[in-house]
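Tertiary structure, described
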Amino acid sequence: MDTASSEENYKTMKISIETTQNVVIEYERASIGDRMLAYAIDMSILIAYELIILFLFSQLKVLDNMPLIILFSSVPFLFYDLVSEILLDGQTVGKMVRKIRIVSLEGKEPNIGHYILRWLLRPIDFWICLGGVALISMIMNKKGQRLGDLLASTCVVSTKQKTD
């Protein structure tokens, strides 16, 4: 299969989820492009935060306090996705902008456990091979799931309104 047709199959894939009330809801799977743009937006927010923190620390003349800098720098990078997804109903700011969100394949709203499982595999999905693991697993999986989604039984779907 050529890459153009596999990307076309990826774009048009629908995901059907049966709720606990036996109602089937059909979602359009979020595209790889939307997911990558959402990630880029989120990373831009984190980088802007880092620059502001470094500027403030330089103005306060505390750049020599490395433990404090590491604390203020690493905590947001480590927990941004987890906290955002919990507080923003399965979205980060980037996902909100791109109109995508996390849904549970179990037919109910994702809970904190789902978000934690996704977050636990984030280092493997994104930090190893610079996101290559996530990209390969999304392409190979019919529901566009990265490893964290597979473990948590979730997927990322589009919330864009389609009009005919």
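Up top you'll find the structure we're talking about.
Residues numbered from 1 in each chain as written. Predicted model: local features only at pLDDT ≥ 70, side-chain atom pairs only at ≥ 80, totals over all residues. Heavy atoms only, no water.

1. What to know about helix H5 (residues 112–120)
Selection criterion: Any residue under 20% of the maximum accessible area for its type is buried, any over 50% is exposed, and the rest in between are partly exposed; the area is computed with a 1.4 Å probe on protein chains only. Numbered from the N terminus, helices here are DSSP runs of H or I no shorter than four residues, and strands are runs of E no shorter than two. The reported arc concerns the directions from the helix axis to the C-beta atoms and nothing else. Any two residues having at least one pair of non-hydrogen atoms within 4.5 Å are treated as being in contact. Any pair of nitrogen or oxygen atoms within 3.5 Å is treated as a polar contact; in protein, a donor-acceptor pairing is required on top of that, and neighbouring residues in sequence qualify only through side-chain atoms on both sides.
Looking at H5, one finds that the buried residues are His114, Tyr115 and Arg118. Projected down its long axis, H5 shows its buried positions confined to an angular sector of 95 degrees, all on one face. For H5, the secondary structure elements touched by its buried residues are helix H2 (32–59), helix H3 (66–87), strand E3 (100–104), helix H6 (122–127), helix H8 (147–152) and strand E4 (154–158). Where H5 begins, one side-chain oxygen reaches toward the backbone nitrogen of glycine 113, 2.9 Å away; that side chain belongs to asparagine 111.

2. Considerations on the packing of H2 against H3
Short version of the rule: Every axis corresponds to a line fitted to the C-alpha atoms, with the helix fit spanning only the stretch in contact, and the corresponding angles, defined between N-to-C directions, vary from 0 to 180 degrees. Each angle is binned into one of four classes, with values under 35 degrees roughly parallel, values over 145 roughly antiparallel, values of 65 to 115 roughly perpendicular, and all other values oblique. What makes a crossing left-handed is the near helix being turned counterclockwise from the far one by less than a right angle; a clockwise turn instead makes it right-handed. Residue classes follow a fixed rule: Ala, Val, Leu, Ile, Met, Phe, Trp, Tyr, Cys and Pro count as nonpolar, while Asp, Glu, Lys and Arg count as charged, and any other residue, Gly among them, counts as polar.
In contact at an axis separation of 11 Å, H2 and H3 are set at 165 degrees when each is read in the N-to-C sense. Considering the angle they form, H2 stands roughly antiparallel to H3. Between H2 and H3 the crossing geometry is right-handed. Counted together, Asp42, Met43, Ile45, Leu46, Ile47, Tyr49, Glu50, Ile53, Leu54 and Phe57 of H2 and Leu68, Ile69, Phe72, Ser73, Pro76, Phe77, Tyr80 and Asp81 of H3 form the full contact between these two elements. Taken together, the residues of the contact of H2 with H3 break down into 14 nonpolar, 1 polar and 3 charged.

3. Let's talk about the pairing of E3
Looking along a regular strand, one sees the side chains alternate between the two faces of the sheet. The test is simple: Whether two strands pair depends on DSSP finding at least two bridges between them.
Counting buried positions along E3 yields 5 of 5 residues, so the element is predominantly enclosed. Taking every second residue as pointing to the same face, both faces of E3 are buried, with Ile100, Ile102 and Ser104 on one and Arg101 and Val103 on the other. Inspection of the sheet shows E3 paired to E4 by 5 bridges, in the antiparallel sense. From the neighbouring strand, valine 103 faces E4, where its bridge partner is cysteine 155.

4. Observations regarding the sheet that holds strand E1 (residues 14–18)
With antiparallel pairing, 4 strands are arranged side by side in an open sheet as E1-E2-E4-E3. Pairing within the sheet leaves two strands with one partner each, and these edge strands are E1 and E3. Each adjacent strand pair in this sheet contributes to an overall mean axis angle of 45 degrees, direction not counted.

5. Brief notes about the nonpolar core
One recurring pattern in soluble globular proteins is that nonpolar side chains are buried together. Defined as follows: To qualify as a nonpolar core, a set must consist of buried Ala, Val, Leu, Ile, Met, Phe, Trp, Tyr and Cys residues joined through side-chain atoms within 4.5 Å.
In terms of nonpolar packing, the biggest core is built from 7 residues, these being Ala30, Ala38, Leu82, Ile100, Ile102, Tyr115 and Val156. Beyond its immediate chain neighbours, meaning those up to four positions away, isoleucine 102 contacts Glu85, Gly90, Lys95, Pro110, Tyr115, Arg118, Thr154, Cys155 and Val156. Of all hydrophobic cores here, the second largest spans 5 residues; its members include Ile15, Ile17, Val103 and Val157.

6. Topic: H2
Heads up, the rule is: Each residue after the first adds 1.5 Å to the expected span of a helix.
For H2, built from 28 residues, the straight-helix expectation of 40 Å at 1.5 Å per residue is met to within 8% by its first-to-last C-alpha distance of 40 Å. Turning to H2, its buried residues number three or more, namely Ile32, Asp34, Arg35, Ala38, Asp42, Leu46, Glu50, Ile53 and Phe57. Of the residues flanking the end of H2, it is lysine 61, one or two places downstream, whose phi is positive at about 60 degrees.

7. A few points about the side chain of glutamine 91
Mapped onto the elements, glutamine 91 comes out in the loop between H3 and helix H4 (93–98). With near-sequence residues (within four places) excluded, glutamine 91 lies in contact with Ser84, Glu85, Met96, Ile100 and Arg101.

8. Some thoughts on the environment of tyrosine 80
Take tyrosine 80: it is sitting in helix H3. Residue class for tyrosine 80 comes out buried when judged on its relative accessible area of 12%. Note: C-alpha distance between tyrosine 80 and serine 16 (64 residues apart in sequence) is 29 Å.

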